[in-house]
Each structure stands twice: as C-alpha cells, then as structure tokens.
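Breakdown of the fold
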Amino acid sequence: MSEAVISSQNLRDTVIEAVQSQEVTDIHTHLFTPPFGDLLLWGVDELITYHYLIAETFRKTEVSYEKFWRMSKTEQADLIWQTLFIENSPISEACRGIVTTLNELGLDVASRNLQSYRDYFASMKVEDYIDLVFNLAKVKEVVMTNDPFDSAERPVWLSEVSGDPRFQSALRIDPLLNAYHEAACDQLSAFGYDVDRSLSERALGEIRRFLGDWIKRMKPKYMAVSLPPDFQFPEASARGKIIEACILPVSREFNVPFALMIGVKRAVNPHLQLAGDGMGKADLTCLENLLRENQDNKFLVTLLSRENQHELCVLGRKFKNLMIFGCWWFMNNPSIIEEITRERIELLGLSVIPQHSDARILDQLIYKWKHSRQLIGNVLAEKYQDLLDSGWIATKAEIQRDVAALFGGNFYRFIE
Ligand code: RAT
Ligand code: ZN
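Below, the structure is looked at part by part. Not measured: the values here are computed from a predicted model. (Residues numbered from 1 in each chain as written. Chains lettered and ligands numbered in written order. Predicted model: local features only at pLDDT ≥ 70, side-chain atom pairs only at ≥ 80, totals over all residues. Heavy atoms only, no water.)

Next up on the list: empty space enclosed by the protein. Rolling a probe over the atoms, with the probe sized like a water molecule, indicates the empty space that remains. Going through the model one piece at a time under the given rule, you end up with 1 cavity of 30 Å³ or more. The computed volume of the largest cavity comes to approximately 40 Å³. For the largest cavity, the full set of lining residues is V5, L11, Y384, L387, L388, W392 and A394. Among the elements that take part in the lining of the largest cavity, helix α17 (residues 364-389) stands out by supplying 3 residues, more than any other. Looking at the lining of the largest cavity, its residues break down into 7 nonpolar, no polar and no charged. (1 Å grid on protein atoms, 1.4 Å probe; cavity = no way out; pocket = protein on both sides within 12 Å on 5 of 7 lines; lining within 4 Å. Points joined across faces, edges and corners; volume = space filled by probe spheres on them. Helix = DSSP H or I, 4+ residues; strand = E, 2+ residues; numbered from the N terminus. Nonpolar A, V, L, I, M, F, W, Y, C, P; charged D, E, K, R; others polar.)

Structure below.
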C-alpha cells in the first residue's frame with residue numbers, strides 16, 4: 001500500500017497538511033468580481049464595519065443608532081475600532097477574524113495603529129489584492145450572490161461585461177419568493193414580464209421565462225433563497241405557488257439546483273439595519289415534503305438554527321437529492337462549527353460540503369478559511385484516528401482525495 005499513514009502523529013500531520021493545502025471552492029459569498037465596481041467590498045474600513053461587528057459595538061457604546069448611521073464609514077470604523085479593539089479585547093469570532101486577517105497580511109497587529117493599516121490598503125490595486133487574498137486563503141473560486149432585482153447589480157449583468165472567472169454566480173431570488181406582492185410583481189412588470197398579482201397561469205409562465213432568461217444570462221451554479229423559520233411547504237401563498245409552479249420545474253429543466261437557507265427573521269431590530277436580523281428554529285417538515293415529492297430536483301440546504309442541525313443530517317441520510325452545506329452566519333463560530341462538522345461526518349461521512357465563508361468583504365476569505373480549516377482539520381484528524389484505532393490504515397492519497405471532495409469535489413459532483 002502506498003504511503004500508509006500508521007503512526008498517530010504521522011496521521012495527524014498528514015490530515016492537517018491535506019486540509020491546509022487543499023484549494024477550496026467557496027460556494028456562498030457576497031463578493032463581486034471587479035466589473036461590479038463598488039459592490040466588491042475590501043480593505044480595513046470595510047472589514048471593521050462588517051455588520052457582525054456593528055451589532056457587537058452597540059452592546060458596548062453609548063452612541064445612538066441615529067448618530068452612528070449619520071457617521072461616515074471612516075468615523076464608524078474609528079468608533080468600532082476604539083470600542084471593540086482598544087477599550088476591550090477583540091475576543092469574539094468576528095473581531096478575532098480581523099486580527100487574523102491583518103496578521104496574515106503581514107501587518108503589525110501589535111501596533112493597533114488603524115491609520116497604518118489604512119495606509120497599507122491605500123496604495124493597493126484591487127486586481128492585485130484579489131490575487132493576494134485568493135492565494136493566502138487558498139481559495140480557487142467563490143460563488144457570488146446575484147440578485148437580478150437589485151438596481152446596482154442589474155445594469156452590470158445587462159451590459160454583459162465579463163469578469164474574473166474565479167467569481168462564479170448564484171441567482172438569488174429572495175425578492176421573488178419573499179416579497180412578490182410588496183415589490184417583485186411590479187418590478188417584473190417594469191422589466192417587461194406580463195405578470196399579475198393573482199399569479200394567473202400566464203403570470204407563472206412569465207416568471208418561468210424570467211428565471212430562464214436570467215439563468216441563461218448569469219449561468220448560475222444554483223438558485224438561492226433565504227427563508228424565515230416559519231417557512232412551510234406546500235403553502236397556500238405566493239411563495240408556495242411560485243416554488244411549485246416555477247422554481248422546481250425551472251430548476252429541473254436547466255439542471256440548476258435550488259438552495260434553501262432557512263431560519264432567518266429579518267429586521268428583528270430594524271435600528272441595526274443589516275445587523276438587525278435574527279433567527280429561529282424551523283419545522284423541517286417543509287424540507288421533508290420538498291425532498292420526497294421532488295426526487296428529480298436537487299436541493300442545497302443550510303440552516304441557521306443549531307437545534308435544526310441533527311434533524312437535517314438525518315434528512316440527508318434519507319434523501320440523496322439533499323446536499324447540506326456550510327455553517328451559516330450565527331452558526332459560523334468555532335464551537336458550533338466543530339460540533340456540527342463532527343455531527344455531519346458521523347452521520348453522513350464524506351458526502352457534505354462542510355463550509356462556505358459568507359464573506360461580504362474580500363479580505364474575510366483569509367480569516368474565515370483559516371479558522372475553518374483549523375476546525376475541520378481537527379475533526380477529520382480525530383475521525384481518521386478513530387479509524388486507525390479500529391484497524392483501518394488510510395494512505396496519504398486517500399486522505400487527500402477525501403479532503404478534495406469536502407472542499408469542492410462534492411459541490412461539483414452534486415450540481416453537474
Ligand atoms: O451572513 C451574512 O452576512 C448575512 O447578512 C446574510 O447575507 C446571509 O448570509 C444571507 O445570505 O442572507
Ligand atoms: Zn449570505
């Protein structure tokens with residue numbers, strides 16, 4: 001047997017090395033390729049004003065919401081830096097992420113000198129910085145979140161500019177499924193689709209035409225929606241009707257999987273703006289129904305509630321048309337990532353996508369992947385050790401094969 005990995009230390013080193021060196025396909029981010037201009041966020045002020053840190057800052061500052069939102073980005077970053085990094089130690093996962101990122105970029109973290117970090121970014125060209133970040137994070141490609149209803153993004157797609165091929169697309173359809181009557185219906189009419197509020201057969205056909213047009217234009221890896229914890233399926237609502245009559249058939253016709261991200265309660269505290277969303281536990285009967293009744297459809301699923309994760313794994317055992325991915329948002333913390341990764345691997349072996357970054361700011365790829373690699377590596381090392389203790393001798397090539405599947409191979413095998 002070639003390069004059998006027998007001793008415990010040798011095994012651990014081999015697993016960690018395989019996880020550290022494997023390039024990853026990051027299947028859900030909010031990053032954009034350069035032709036989208038200002039939609040691609042990067043640099044230290046963007047990092048510091050990440051909405052995860054805004055929420056944490058308000059717990060420690062007396063500054064009012066109104067005053068904060070009137071500030072410039074630089075002023076907001078100054079306040080957050082002062083509050084979370086100078087007056088307190090940056091111990092939360094989102095804060096630690098900034099420390100990791102600056103450190104990996106070779107900046108002097110000990111100086112705590114925000115201006116010196118700003119100077120570093122001031123002379124950087126975005127194309128060079130993308131190369132640097134992708135190299136440091138060992139990210140091969142990222143999947144964007146692309147909303148055809150978004151007035152900033154839409155014209156770029158319509159102008160058909162081609163961007164950096166490392167940025168793949170995903171067709172995000174939240175407005176269509178979560179705000180049909182409030183906004184999407186009127187927008188679709190304005191875009192030239194003959195829809196109506198009652199969702200007549202003609203309107204449903206027009207929505208299918210809209211989806212088909214955007215699939216041809218974007219060539220998305222999947223169609224995605226975020227859903228509230230009380231999402232039900234089937235459901236006598238505009239959302240239920242559109243999923244049934246439009247999303248599912250179009251997803252099959254174009255072989256574009258449907259990604260469901262379930263559990264978000266939008267604007268629990270509207271004063272926090274983007275930072276104000278909360279979460280709740282879902283009833284997974286909705287998924288069970290979808291998976292059972294639509295076995296020719298492919299579903300990518302991530303859930304926001306820790307309490308739902310075990311049930312989700314069990315559904316994964318029942319339905320091969322379900323691919324579980326990532327530790328989403330409030331789940332993206334070391335203690336939970338470790339627990340959930342272990343649970344998934346124990347129940348589903350190597351047939352999951354353990355992580356995505358959800359990066360909103362390019363630089364975050366560095367810390368999100370560094371932290372996740374560490375945790376995934378630890379869990380895998382433990383699992384191969386258990387196997388060794390049971391008498392199974394894995395080779396280095398087998399371990400590398402398994403890690404490659406987790407970090408991108410499973411995604412491509414599922415969607416193709
Ligand atoms: O993680 C986040 O930044 C959230 O604000 C959301 O973007 C979430 O990931 C989503 O895709 O809806
Ligand atoms: Zn996201």
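Don't stop here, the text continues.
Now for the site of ligand 1. Around ligand 1, the neighbouring residues are H28, H30, H51, Y52, R172, M261, R266, W328, W329, D358 and R360. Residue H51 places a side-chain N or O atom 2.9 Å away from an oxygen atom belonging to ligand 1. One of the side-chain N or O atoms of Y52 is found 2.8 Å from an oxygen atom in ligand 1. Protein burial of ligand 1: of its 300 Å² of free accessible surface, 99% is covered by the chains. Most atoms of ligand 1, that is more than half of them, are within 2 Å of grid points of the largest pocket. Residues that form the shell around ligand 1 fall into these classes: 4 nonpolar, 3 polar and 4 charged. (Near = heavy atom within 4 Å. Polar contact = N/O pair within 3.5 Å; in protein donor to acceptor, adjacent residues only side chain to side chain. Areas by Shrake-Rupley, 256 points an atom, 1.4 Å probe, with all protein chains shown as cover. Sits in = over half its atoms within 2 Å of the grid points.)

What follows covers the layout of surface pockets. In this structure, the largest pocket encloses a volume near 1000 Å³. For the lining of the largest pocket, the secondary-structure elements that each account for two or more residues are α3 (51-58), α5 (73-86), α10 (174-178) and β5 (223-227). Per-class residue counts for the lining of the largest pocket are 19 nonpolar, 9 polar and 12 charged.

Looking now at the environment of Q22. Along the chain, Q22 turns up in the loop between α1 (8-21) and β1 (24-26). Discounting chain neighbours no more than four positions away, the residues touching Q22 are K138, R373, Q400, V403, A404 and F407. (Contact = heavy atoms within 4.5 Å.)

Bringing the coordination of the zinc ion (ligand 2) into the picture now. Those protein atoms acting as donors to the zinc ion (ligand 2) are H28 (NE2), H30 (NE2) and D358 (OD), and they sit at 2.0 to 2.1 Å. Donor residues binding the zinc ion (ligand 2) come from one chain and are separated in sequence as H-x1-H-x327-D. Of this pair, H28 sits in the loop between β1 and α2 (44-48) while D358 sits in the loop between α16 (334-348) and α17, placing them 330 residues apart in sequence. On the basis of relative accessibility, which here comes to 2%, the residue H28 falls in the buried class. (Donors = N, O, S within 2.8 Å, 3.2 Å for Na, K, Ca; no water. Buried < 20%, exposed > 50% of the residue type's maximum accessible area, 1.4 Å probe, protein only.)

Right, let's talk about the pairing of strand β9 (residues 299-303) for a bit. The element β9 is extensively covered by neighbouring structure, given that 5 of its 5 residues are classed as buried. Side chains F299, V301 and L303 of β9 all project onto a buried face; the interleaved residues L300 and T302 project onto the opposite face, where all are buried too. Relative to β9, strand β6 (residues 258-262) is paired through 5 bridges, and the arrangement is parallel. Counterpart to F258 in the pairing with β9 is F299. Sheet topology note: the β9/strand β10 (residues 322-324) ladder contains 3 bridges and is parallel. Looking across to β10, one finds that F299 is bridged to L322. Following the backbone out of β9, through helix α15 (residues 309-318) and into the adjacent parallel β10, one traces a crossover that is right-handed. (Pairing = 2+ DSSP bridges. Right-handed = clockwise from strand over helix to strand, strands pointing away.)

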